[in-house]
Amino acid sequence: MKANLVNFIFIIAITLFTINTSAQKFSGKITYISKAKMDLGSWGARLSEARKKQVAARLKNRLEKTYILSFNSIAATFLEEEKIDAIAGATDSWGGYFSRGDQYKNIKEGTLVQAQEFYGKRFLVKDILYRIDWTLGTETKKIGQYTCYKAKAFVPATELNWYNFSWSDLNTDEEESAKGPEEKMIIVEAWYTPQIPIAQGPAEFWGLPGLILEVSAANTTLLCTEIVLNKEKTVTIEAPDKGKEITKKEYTTTVRSKMVEMRNNRMGRRG
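These numbers come from a predicted model, not from an experiment.

A. A look at the packing of aromatic side chains. Using the criterion set out here, one finds 8 aromatic pairs in the structure. Here W162 and Y163 contribute two aromatic rings whose centre-to-centre distance is 5.6 Å and whose plane-to-plane angle is 85°, an arrangement assigned as edge-to-face. Look at W162 and you get buried, because its relative accessible area is 5%. When the centroid spacing of 5.9 Å and the interplanar angle of 85° are considered together, the rings of W162 and Y251 count as edge-to-face. Taken as a pair, W162 in the loop between α6 (157-160) and α7 (167-179) and Y251 in helix α8 (residues 248-270) lie far apart in primary sequence, 89 residues in all. By relative accessible area, which is 0% here, Y251 ends up buried.

Right, here's the structure in full:
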C-alpha cells in the first residue's frame, strides 16, 4: 500500500512537471456522451413499468446527449452536438432555454464565457471560473487505451446548475430563503489521465493533473467516447461573443424573475 502511494505521488509530480513544460504541444477534440438517470419524482412513482419505459423513450434525447470538447493548454470550448428533437420541442416550450449553451473556459485567466438564450434574448454570461478543490485518489481504471486515476470533490449545486431551471425551483427557493443560506453540495467523481497532461475537462470540470475522461455529478455522467489529439500545433480556441453581457448570478435572477412573472400571470388568469 505504501509503495503504491509513493508511486502515485511520483506519477503526479512527473505529470505536473510535464504540464508546465510541454502541455502547450497538446490540443485536440474529445467527444463525450452525457447520460442522465430519469427522475420522475412522486408523479413517476404512480406509473406502471410499461408507462415508465414509454416516458423514458420520449425523453431519450434529453437524457442522452453528445458534446464536443475542443481544447489547447489554455482554453477549451464545450458544445452540444446539434440534434433535431421533434418530440421534446413539441412538448416542452422551455426545453431550449434550460439547456447548456456554448461554453468557453480559460484556465490560465480563470474565466468562463457561456452563451445562453432565454425567452428570445441572447445573453453572454461572463464570470470567474469556479476552482474545484479536488481530492486525488490512487484507484485506477482503463478508459480506452488510457490509464485513469480517480478524484473526488464537493461542489456547490449553484456552480453546476446555474443555467438550468424548473418550475419546482421557485418553491424550493422560497423554502430555502425561509431556512437560511445553507449551500447544497454535490459529490463529483472524476477519472483523469496523466497520459494527456492537460488540466481540462468537460462542462464545469477542470483543474486535475490530466485530461478528465469521465465525470459523474448528481444523476448525470459524462463519458469520453473518442479522442483526437494534435501534438504538432496548437488549435485556436475562441469564446462566444454575441449577447448581453451578464454574470451567472444576474442571469439566474433574470430567468427566475421572468418565471415568477409568468406563473403569477397564469394564476391571475385562472382567478
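B. Representation of the environment of E238. With respect to the element layout, E238 can be found in the loop between β11 (220-230) and β12 (244-246). Each C-alpha atom of the pair E238 and Y104 lies 7.6 Å from the other, and the pair is 134 residues apart in sequence.

C. The sheet that holds strand β4 (residues 103-106), seen in detail. Strand order in this open sheet of 12 strands is β7-β8-β9-β10-β11-β1-β2-β3-β4-β5-β6-β12, and the pairing throughout is mixed. Where the open sheet ends on each side, the last strands, each with one partner, are β7 (135-143) and β12. Taking each pair of neighbouring strands and ignoring which way they run, the sheet shows an average axis angle of 20°.

D. Region of the structure containing the pairing of strand β1 (residues 27-36). Pairing geometry for β1 and β11, over 10 bridges, is antiparallel. Bridge pairing links Y32 to C224 in β11. For β1 and strand β2 (residues 64-71), the ladder comprises 8 bridges, and the chain directions are antiparallel. The residue bridging K35 from the neighbouring strand is E64, located in β2.

E. Structural context of a nonpolar patch on the surface. A cluster of nonpolar side chains, namely F154, M185 and I187, defines an oily patch on the protein surface of about 320 Å² accessible area. Mapped onto the elements, F154 comes out in strand β8 (residues 146-156).

F. Quick peek at the side chain of Q114. Considering the arrangement of structural elements, one finds Q114 in strand β5 (residues 111-118). Q114 gets classed as buried once you look at its relative accessible area, which sits at 0%.

G. The arrangement of the pattern of salt bridges in detail. The final tally for this structure, using the stated rule, is 10 salt bridges. Note that E159 and K248 form a salt bridge whose closest N and O atoms lie 2.6 Å from each other. Here E159 is found in helix α6, whereas its partner K248 is found in helix α8, with 89 residues between them in sequence. Among the residues examined, K248 registers a relative accessible area of 9% and is labelled buried. Each of E139, K150, K152 and E189 takes part in salt bridges that share partners, so that together they form one network.

Rules used throughout
- Residues numbered from 1 in each chain as written.
- Predicted model: local features only at pLDDT ≥ 70, side-chain atom pairs only at ≥ 80, totals over all residues.
- Heavy atoms only, no water.
- Phe/Tyr/Trp six-rings, centres within 6.5 Å; stacked < 30°, edge-to-face > 60°.
- Buried < 20%, exposed > 50% of the residue type's maximum accessible area, 1.4 Å probe, protein only.
- Helix = DSSP H or I, 4+ residues; strand = E, 2+ residues; numbered from the N terminus.
- Pairing = 2+ DSSP bridges.
- Axes fitted to C-alpha atoms, helices over the stretch in contact; angles between N-to-C directions.
- Patch = residues over 30% accessible without salt bridge, like charges linked within 9 Å, V, L, I, M, F, W, Y side chains within 5 Å.
- Areas by Shrake-Rupley, 256 points an atom, 1.4 Å probe, with all protein chains shown as cover.
- Salt bridge = Lys/Arg side-chain N within 4 Å of Asp/Glu carboxyl O.

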